[in-house]
Amino acid sequence: MANTVIGSSIVIDGEISGDEDLVIQGTVKGKISLKESLYVEGSGVVEADIETQNVEIGGKVTGNIVASDKVELKTDCRVVGDIKAPRILIADGASFKGNVDMDMKER
């Protein structure tokens, strides 16, 4: 699986957009907009609004998340912000503060 990886010592302040999967092990501040999947690993820190198809969070995310398919909060992750997605998985041990909106139908 060929992904773009933002390493654990990398800090990005700005906007990230693209058509492929992204793995974050470092720190990203700003905005993330992807057509595919975002993986925030245990060492990852994201302070950004996220728009993507799938999000898998093992690290820390502060910001609102909009996913067209699924959001998965793994054990030991910390998420502060609102989540909007048709499918949401929250593992035992995950920390989440915010609102959940699973109504993705167009109005």
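Notes on the structure in this doc start here. None of the values given here were measured: they were computed from a predicted structure.

In this section: the overall build of the chain. Looking only at helices and strands, one finds 0 helices and 13 strands in the chain. Listing each helix as α and each strand as β along the chain from the N terminus yields β-β-β-β-β-β-β-β-β-β-β-β-β. In terms of C-alpha radius of gyration, the chain reaches 13 Å, essentially the compact-globule figure of 13 Å for 107 residues. Dimensions of the chain along its principal axes, counting C-alpha atoms only, are 40 × 30 × 25 Å. Split into buried and exposed, the 107 residues of the chain put 35% on the buried side. Expressed as a percentage of contacts within the chain between residues at least 6 apart in sequence, the contacts between residues at least 24 apart total 1%.

This paragraph deals with the pattern of salt bridges. Taken as a whole and judged by the stated rule, the model has 7 salt bridges. The partner of Glu72 in a salt bridge is Lys74, and the shortest N-O contact between them spans 3.2 Å. When salt bridges with common partners are traced through the structure, they connect Glu56, Lys70, Glu72 and Lys74 into a single cluster.

So, on to the nonpolar core. In this structure, Ile32, Leu38, Ile57 and Ile65 are the most contacted members of the largest nonpolar core, which totals 24 residues. Elements supplying a minimum of two residues to this core: strand 3 (22–24), strand 4 (27–34), strand 5 (37–40), strand 6 (45–57) and strand 8 (65–73). If one sorts the elements of this core by residue count, strand 6 sits on top with 5 residues. Those residues within four positions of Leu38 in sequence are excluded, and the remaining contacts are Leu22, Ile24, Ile32, Ile50, Thr52, Asn54, Val55 and Glu56.

Looking now at the environment of Ser37. With respect to the helices and strands, Ser37 occurs in strand 5. The spatial distance from the C-alpha of Ser37 to the C-alpha of Val71 is 9.8 Å, given a sequence separation of 34 residues. A polar contact of 3.5 Å, which involves the side chain of Ser37, links it to the side chain of Asn54.

Definitions and cut-offs
Residues numbered from 1 in each chain as written. Predicted model: local features only at pLDDT ≥ 70, side-chain atom pairs only at ≥ 80, totals over all residues. Heavy atoms only, no water. Helix = DSSP H or I, 4+ residues; strand = E, 2+ residues; numbered from the N terminus. Rg over C-alpha atoms; globule rule 2.2 N^0.38 Å. Buried < 20%, exposed > 50% of the residue type's maximum accessible area, 1.4 Å probe, protein only. Contact = heavy atoms within 4.5 Å. Salt bridge = Lys/Arg side-chain N within 4 Å of Asp/Glu carboxyl O. Core = buried A, V, L, I, M, F, W, Y, C linked by side-chain atoms within 4.5 Å. Polar contact = N/O pair within 3.5 Å; in protein donor to acceptor, adjacent residues only side chain to side chain.

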